[in-house]
Amino acid sequence: MLKNIMTDGECSTLHSLLVNAETIVLCCHQNADGDAIGALQGMNEILKTFGKEALMVAPDQYPDFLQWLPNNEKIVRYDKRRDYVDMVLKIADLVICLDFNSPSRTADMCQSLVSSPAQKVLVDHHLNPEVEAVVSLSFPEMSSTCELVFRIAWQLGIFESLGRHFATPVYCGMMTDTGAFTYNSNNPDIFFIISQLLTKNINKDKIYRSVYHNYSVNRLRMVGHVLCTRLVVDTARHAAYYTLTRDDQKQFHFVKGDAEGLVNMPLQIKGLKLSISMREDTEHENLVWVSLRSVDDFPCNEMAARFFNGGGHLNASGGKLYCSIDDAVEVAEKAINSYADKLK
């Protein structure tokens, strides 16, 4: 049996909020991933059991390989309908913040979110929550926010009434935030949850193919280019890094999501403990997006916070640098040198 994540008081408060709220907004972070989009859709299905349907908002574009999810067409992008979302946030009774620890992670939507008079609920698995919420369900030890969404449905006693449109995005989010259950997924509860999701007649193999086998020819060629010409492997320090420049992205007709999973590939090298990806932003000069992945107990979240203005989880983190791509490489090399002892 799953351990409850809410106290009796939190469960009662959340239930009351869901029953009584009339205008509800669900929102996630900028550059939404599978966990964020899955959590939006899973929580919306929970609300439907209370006779409610929320406005689901993503701050900006999210990857093409998530566009197949059910009810995808109902997600509103803030960068496309700013005035409408701002208006709804002003009159909302309830805002549920999913998969982010700080309002700043919603980018341009931050000010409207913070100033909304609505009561707020936080559902997240990142460290150091900064969202002021009447119910704060922050559990960094959990595999994903979608796992938390499942646990909410389970503790509220409504899982049996939910169907495939709940189970599909929740499974997808858990899968993508664990690299198809290859990291951050040692808790047996995760596989109990999967077994329950499978009772809803989802096709987990098709979900996997829809996410990981859903790229363009250009993406595959870009991966080959990066691994062949951009990858730098520091065998002495068991680390690797690579760059993805604007010219690279233009050459291979890059679309959002094409870099997904690429940062994990160097970890296939025997003995490697750390992989760092640095991608130039295509619209802003001197902005480099950084992703870090590690194995075992190497703290890439600590490295992300110290060197890359970021954070995240022990083995999966991110950040950004306001500099040229060449300067970013210098920062990465400095970071690797600083952690040489832990990389041995």
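Residues numbered from 1 in each chain as written. Predicted model: local features only at pLDDT ≥ 70, side-chain atom pairs only at ≥ 80, totals over all residues. Heavy atoms only, no water.

Participant: Help me out: how do you make sense of unusual backbone geometry in this one?
Facilitator: Glycine aside, residues mostly have negative phi angles, and peptide bonds mostly take the trans form. A positive phi angle, close to 55°, is found at N128, a residue other than glycine. Relative to the helices and strands, N128 is located in the loop between β5 (119–124) and β6 (135–138). Positive phi, close to 60°, is recorded for A180, a residue that is not glycine. Here A180 is to be found in the loop between α6 (164–176) and α7 (188–198). Overall, the relative accessible area of 25% leaves A180 in the partly exposed class. (Helix = DSSP H or I, 4+ residues; strand = E, 2+ residues; numbered from the N terminus. Buried < 20%, exposed > 50% of the residue type's maximum accessible area, 1.4 Å probe, protein only.)

Participant: Could you clarify how one ought to interpret the pairing of strand β1 (residues 24–27) in this entry?
Facilitator: Every second residue of β1 is oriented toward a common face, with I24 and L26 on one face and V25 and C27 on the other, all of them buried. Relative to strand β4 (residues 94–98), β1 is paired through four bridges, and the arrangement is parallel. Bridge pairing in β4 links I24 to L94. Here three bridges tie β1 to strand β2 (residues 55–58), and the two strands are oriented parallel to one another. Its bridge partner being in β2, C27 is matched across the sheet by V57. Regarding the hand of the β-α-β motif, the stretch spanning β1, helix α2 (residues 34–48) and β2 is right-handed. (Pairing = 2+ DSSP bridges. Right-handed = clockwise from strand over helix to strand, strands pointing away.)

Participant: Can you walk me through the sheet that holds strand β11 (residues 311–312) in this structure?
Facilitator: Paired through backbone hydrogen bonds, the strands of a sheet run either parallel or antiparallel to each other. In spatial order, the strands read β7-β8-β9-β10-β12-β11; together these six strands make up an open sheet with mixed pairing. A strand with exactly one partner marks an edge of an open sheet, and here the two such strands are β7 (232–234) and β11. Here β11 pairs with strand β12 (residues 316–321) via two bridges, running antiparallel. The residue bridging G312 from the neighbouring strand is S317, located in β12. Strand contacts of helix α9 (residues 217–230): β7 and β8 (239–244), with the helix running at about 125° to β8, the strand carrying the most contacts. (Contact = heavy atoms within 4.5 Å. Axes fitted to C-alpha atoms, helices over the stretch in contact; angles between N-to-C directions.)

Participant: Teacher, can you tell me more about a negative patch on the surface here?
Facilitator: Judged by side-chain charge, D326, D327, E330 and E333 come together as a negatively charged surface patch. Tracing the backbone through its elements, the reader meets E330 in helix α12 (residues 325–338). We classify E330 as exposed; its relative accessible area is 53%. (Patch = residues over 30% accessible without salt bridge, like charges linked within 9 Å, V, L, I, M, F, W, Y side chains within 5 Å. Areas by Shrake-Rupley, 256 points an atom, 1.4 Å probe, with all protein chains shown as cover. Salt bridge = Lys/Arg side-chain N within 4 Å of Asp/Glu carboxyl O. Lys, Arg positive; Asp, Glu negative; His and termini not counted. Charge placed at Lys NZ, Arg CZ, Asp CG, Glu CD.)

Participant: It is not clear to me how the packing of aromatic side chains should be interpreted in this structure. Could you clarify?
Facilitator: Both the distance between ring centres and the angle between the ring planes are used here to describe each pair of aromatic rings. Scanning all chains against the criterion turns up twelve aromatic pairs. A centroid spacing of 6.1 Å and a plane angle of 50° characterise the contact between F181 and F191, whose relative ring orientation is tilted. Of the two residues, F181 is situated in the loop between α6 and α7 and F191 in helix α7; the sequence distance between them amounts to ten residues. Centre to centre, the rings of F307 and F308 are 6.5 Å apart; their planes meet at 50°, and the pair counts as tilted. As far as the burial class goes, F307 and F308 line up, both buried. Feature note: the residues F150, W154, F159, F166 and F192 constitute an aromatic cluster, connected by ring pairs. Here R219 stacks its cationic end above the ring of Y215, 3.8 Å away from the centre of that ring. (Phe/Tyr/Trp six-rings, centres within 6.5 Å; stacked < 30°, edge-to-face > 60°. Lys NZ or Arg CZ within 6 Å of the ring centre and 35° of its normal.)

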